Amino acid sequence: MTPTPLTLTPGRGPDGTAVLKAVGEIDMSNTDAFSAALAAALDDVPGRLVVDLTGCEYLDSAGINVLFAHAGRIELVATPLLAPVMTFSGLTAVTTVRGLEGDAVGRGPRS
């Protein structure tokens, strides 16, 4: 079985905020790479990291588990397609999830 294509690119937003952009599909075939990239990006920032999922076409439960593992230090940006998954899974209760327009889908606890 061929791994699902996923590109993970660390960078900075216009305001200098650390960002990890995911493009493609996040599923059990690539969650090890996703988890490693997320951990490495978090090692490089003292505060919160924005995980931009607007280029993500699919996110399964394995990917959601990776996000939960780091929920205390991340903020998510999701498409309207992924926003219900974020709410249903409970991610919106533990971290901030914003939609395409920057509107909060859910606001979890901030530290």
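Conventions used here
- Residues numbered from 1 in each chain as written.
- Predicted model: local features only at pLDDT ≥ 70, side-chain atom pairs only at ≥ 80, totals over all residues.
- Heavy atoms only, no water.
- Pairing = 2+ DSSP bridges.
- Helix = DSSP H or I, 4+ residues; strand = E, 2+ residues; numbered from the N terminus.
- Salt bridge = Lys/Arg side-chain N within 4 Å of Asp/Glu carboxyl O.
- Buried < 20%, exposed > 50% of the residue type's maximum accessible area, 1.4 Å probe, protein only.
- Axes fitted to C-alpha atoms, helices over the stretch in contact; angles between N-to-C directions.
- Parallel < 35°, antiparallel > 145°, perpendicular 65-115°, else oblique.
- Left-handed = near helix turned anticlockwise from the far one by under 90°.
- Contact = heavy atoms within 4.5 Å.

**Q** Kindly report on the pairing of strand E2 (residues 18-26), identifying the contributing residues and their values.
**A** Here strand E1 (residues 6-12) pairs with E2 via seven bridges, running antiparallel. Across the sheet, residue leucine 6 finds its bridge partner in E2, namely glycine 24. Between E1 and E2, which pair antiparallel and follow one another directly, the connecting turn spans five residues, one of which, glycine 16, has a positive phi of 90 degrees. Pairing between E2 and strand E3 (residues 49-59): seven bridges, direction parallel.

**Q** Just give me the short version of the pattern of salt bridges, but keep the residues and values in it.
**A** Tallying each qualifying case throughout the model produces two salt bridges. A salt bridge links lysine 21 to aspartate 52, with the shortest nitrogen-to-oxygen separation between them at 3.4 Å. Taken as a pair, lysine 21 in strand E2 and aspartate 52 in strand E3 lie far apart in primary sequence, 31 residues in all. On the basis of relative accessibility, which here comes to 15%, the residue aspartate 52 falls in the buried class. For arginine 98, the salt bridge goes to glutamate 75, with nearest N and O atoms at 2.6 Å. One end of the pair, arginine 98, is in strand E5 (residues 97-98); the other, glutamate 75, is in strand E4 (residues 74-77), and 23 residues separate them in sequence.

**Q** Explain the packing of helix H1 (residues 31-43) against helix H2 (residues 61-69) to me, and be specific about the residues and the numbers.
**A** Running from N to C, H1 and H2 cross one another at 20 degrees; their axes reach a closest spacing of 10 Å. In terms of axis orientation, H1 runs roughly parallel to H2. For the pair H1 and H2, the sense of crossing is right-handed. Residues Thr31, Phe34, Ser35 and Leu38 of H1 touch H2, and the partners they reach there are Ala62, Gly63, Val66 and Leu67.

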